[in-house]
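Residues per chain are reported as follows:
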Amino acid sequence: MLVAIDTATDQASLALHDGFRVRAEQTWEARRQQTRQLSPRLHAAMRHANVSPEQLSGVTVTTGPGSFTGLRIGMSVAKGLAMAQTIPLVGVRTLDVIASAQGRDRRRLAAVLQAGRRRISIAFYRWQGGSWHIQEEPHLTTWTKLTEELIEPTIFCGEIDPSGADTLARLGDQAVLLPAAWRLRRAGFLAELGWRRLKRGDVDDPSTLTPTYLKHPV
């Protein structure tokens, strides 16, 4: 049983995956209360799924980008589980989780997170060989700068606020905003990504895995 933990932003999520199906999943607005909320929700999910800590075979966690505190909380809990149960740990880019939830499309895909101070974290993807592959690494920008640089039709998903949605709407066919349910970052997809890597033996060292922060302002 794999446990997936994502507290990278104010939107938090967790899931349990047995390698064939998602046994439990929760996604909620944490409102900077990840420290208080994560462990009770994880324990409740394991209890409802009738899963004990000894049955866990791996843990996966988002590594960033995201908020400083949010990433630290998820990473700490994930590392604690991995070391306490002596199970593998897999770190996954936060924006990869958003991209992996989207269906096949020939257009470029933009995955977005809110970064505060009117900035966004964004990465671009292309569909290749049956899945989305990152083409432009996560970086900080603003909606204004992004619209000035957009040169081809792009579909947008992730944490897009009303201001961002209004900006994209003014771009017409150049920018397609996916429905709210498709934009939601869910730990079930994080678990899928983590499980694939776990099967390949592609795991991380809990002593060296660290969060990824985008520090440089635009």
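Residues numbered from 1 in each chain as written. Predicted model: local features only at pLDDT ≥ 70, side-chain atom pairs only at ≥ 80, totals over all residues. Heavy atoms only, no water.

## Quick look at the sheet that holds strand E7 (residues 119-128)
Within the open sheet, the five strands sit side by side as E8-E7-E6-E9-E10. Their pairing is mixed. One side of each edge strand has no neighbouring strand; the edge strands of this open sheet are strand E8 (131-141) and strand E10 (175-177). Each strand of the sheet is rotated relative to its neighbour by a mean of 30 degrees, with strand direction disregarded. Here E7 pairs with E8 via eight bridges, running antiparallel. Opposite Phe124, over in E8, you have Glu136 as the bridge partner. (Pairing = 2+ DSSP bridges. Helix = DSSP H or I, 4+ residues; strand = E, 2+ residues; numbered from the N terminus. Axes fitted to C-alpha atoms, helices over the stretch in contact; angles between N-to-C directions.)

## Description of unusual backbone geometry
With an omega of 5 degrees, the peptide bond between Gly64 and Pro65 qualifies as cis. Within the secondary structure, Pro65 is located in the loop between strand E4 (58-64) and helix H2 (68-85).

## Observations regarding the environment of Phe156
If you trace the backbone, Phe156 turns up in strand E9 (residues 154-158). Classification of Phe156 by relative accessible area gives buried; the value is 0%. Once the C-alpha coordinates of Phe156 and Trp182 are considered, the two residues, 26 residues apart in sequence, prove to be 10.0 Å apart. (Buried < 20%, exposed > 50% of the residue type's maximum accessible area, 1.4 Å probe, protein only.)

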